[in-house]
Amino acid sequence: MKNRPGYISGRFWRAAAVAVAALLLSLSMAHAEDVHVDGSLQDALAKARDGDALHLQDGVYQGPLTITKSVQIIGAGETVIQGNGHGSVITVQAPDVKLFNLTITGSGLSLEAQDSGIFLDKTAENALVEGNKVLDNLIGVYVSGAKNSVVRKNHILGRQDLRMNERGNGVQIWNAPGTVIENNVIEYGRDGIFVTTSKKNVFRDNRMENLRFAIHYMYTNRSTVSGNLSIGNHIGYALMSSTDLIVENNISREDRDHGFLLNYANRMTMTRNVVSGGTDKCIFIYNSHRNHIRQNLLSDCLIGIHFTAGSQKNMISENAFVSNQTQVKYVGTRWLEWSVDGVGNYWSDHVAFDLDKNGIADAVYRPNDLTDQIIWKYPTARLLMNSPAVQVLKYAQTQFPALHPGGVIDSAPLMQVPASLERR
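Values in this document were obtained by computation on a predicted structure and should not be read as measured data. (Residues numbered from 1 in each chain as written. Predicted model: local features only at pLDDT ≥ 70, side-chain atom pairs only at ≥ 80, totals over all residues. Heavy atoms only, no water.)

A. Main features of the pattern of salt bridges. Under the criterion given, the structure shown has twelve salt bridges. Ionic pairing is found between E318 and R294, a salt bridge with its closest N-O pair at 3.0 Å. Remark: R294 occurs in strand 32 (residues 292–294) and E318 occurs in the loop between strand 35 (315–317) and strand 36 (320–322); sequence separation between them is 24 residues. On the basis of relative accessibility, which here comes to 28%, the residue R294 falls in the partly exposed class. Salt bridges sharing partners connect three or more residues here, namely E130, R152, E182 and R204. (Salt bridge = Lys/Arg side-chain N within 4 Å of Asp/Glu carboxyl O. Helix = DSSP H or I, 4+ residues; strand = E, 2+ residues; numbered from the N terminus. Buried < 20%, exposed > 50% of the residue type's maximum accessible area, 1.4 Å probe, protein only.)

B. Examining the environment of I293 more closely. Mapping I293 onto the fold places it in strand 32. The buried category is assigned to I293, whose relative accessible area is 1%. Apart from residues no more than four positions distant in its own chain, I293 is found in contact with L262, M270, I285, M315, I316, S317 and N319. (Contact = heavy atoms within 4.5 Å.)

C. Quick look at the environment of S339. One can find S339 in the loop between strand 38 (335–337) and strand 39 (346–347). Residues S339 and A412, spaced 73 residues apart in sequence, show a C-alpha to C-alpha distance of 6.2 Å. In this structure, S339 is in contact with I316, S317, G344, D410, S411 and A412, ignoring residues within four places of it in sequence. Side-chain polar atoms of S339 contact the side chain of E337, separated by 2.6 Å. (Polar contact = N/O pair within 3.5 Å; in protein donor to acceptor, adjacent residues only side chain to side chain.)

D. Region of the structure containing the packing of aromatic side chains. Tallied over the entire structure, the rule returns ten aromatic pairs. Relative to Y142, the ring of F119 lies with its centre 5.3 Å away and its plane at 50 degrees, an arrangement referred to as tilted. Placement of the pair is F119 in strand 10 (residues 116–120) and Y142 in strand 13 (residues 139–144), with a sequence separation of 23 residues. Accessibility assignment for this pair places F119 and Y142 in one class, buried. Between F307 and W338, the ring centres sit 5.7 Å apart and the planes meet at 75 degrees, which makes this aromatic pair edge-to-face. Here F307, found in strand 34 (residues 303–308), pairs with W338, found in the loop between strand 38 and strand 39; they are 31 residues apart in sequence, far enough to count as distant. Grouping residues by exposure puts F307 and W338 together as buried. Three or more aromatic residues joined by ring pairs make a cluster, and in this case those are F307, F321, Y330, W338, W347 and Y365. (Phe/Tyr/Trp six-rings, centres within 6.5 Å; stacked < 30°, edge-to-face > 60°.)

E. Quick look at the sheet that holds strand 7 (residues 90–92). Strand order in this open sheet of twelve strands is 4-7-10-13-16-19-22-25-28-31-34-37, and the pairing throughout is parallel. One side of each edge strand has no neighbouring strand; the edge strands of this open sheet are strand 4 (65–67) and strand 37 (326–330). Averaged over all pairs of adjacent strands, the angle between their axes in this sheet comes to 10 degrees, without regard to strand direction. (Pairing = 2+ DSSP bridges. Axes fitted to C-alpha atoms, helices over the stretch in contact; angles between N-to-C directions.)

Here you go:
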């Protein structure tokens, strides 16, 4: 089939068309100019050619704007692009557009219409949004199919006059492979970064506060979340219906409900993350499989890890569980081994000896017993915790481990917090 003349001819003409388009673009770029805009920005955009750099003065330029040419727009430090309260303030419909050093405000309030401060259409491949203040818009930056875009070093501040569920997201991404979101400060949106139906994205070194979720993944694969800081949000990192993620060196500090939520998240590598301070659950794992969870510090939560809904074949080792009210909550009848190749986790409440001084405790660690499971199922039974009957049951379990109904067991608990986590 591939050797037919018509097939070869079709391939030839497609390649020729791409080459001609690239040549025309390069010729256009060769005549690019620096343009200093004194009057209307709309007029300057109409006259601009691909490759031009439009330098704006301090002051207010009226939007909304639609950019259909591959230009740069560069602010002077106090340059404001002011929307009219309807639709998006800046809509980009050309590749290789760059927006620098602007203050962008005044979008509409329609979630259905996806009103945004900056809307990158699918034709806006290779866009660069850097060093801007995106203030008081519904959605801050929407990357809607614009492949290989970069959103970097921006301050994105959402609408504080709206209820959280009425707000848009700080950065929203749909089907935009290769997109990088890095070094941004994002506050007061619904979610800080929300991505759906995408792949090969990188979210790194962002700071996110006063949000529902700092980072929210849906149906997004082969991507990286690294070096981010989530402070005081409802959930730090909600990783849902996604596979093959690398999640490393992130911090969740005083997020209310969960530091990390894994829901149908599979084949994920989660390392060197920190969850601390006042959180309900450091990590909640629901129906997630074949994940490697290593070298994470989980401290001062009501529950270190809540593990449920038949999650299977997860490898959990070299983590530090420090001063959590309940280190692990697991309701099930199967035994789950939380050590890998003879190396388990550190548990701050595990009292044990290390007579051979190999760094591994001589006694196994079981974070939950039968009375824990009774209380989870029947909370009012907590009133009987100090009764003679419960004390006899606890003693019997220590003498006869077979009475345990199943659950998490760490056969090689560590005597100390792993060195890689002591510095976090």
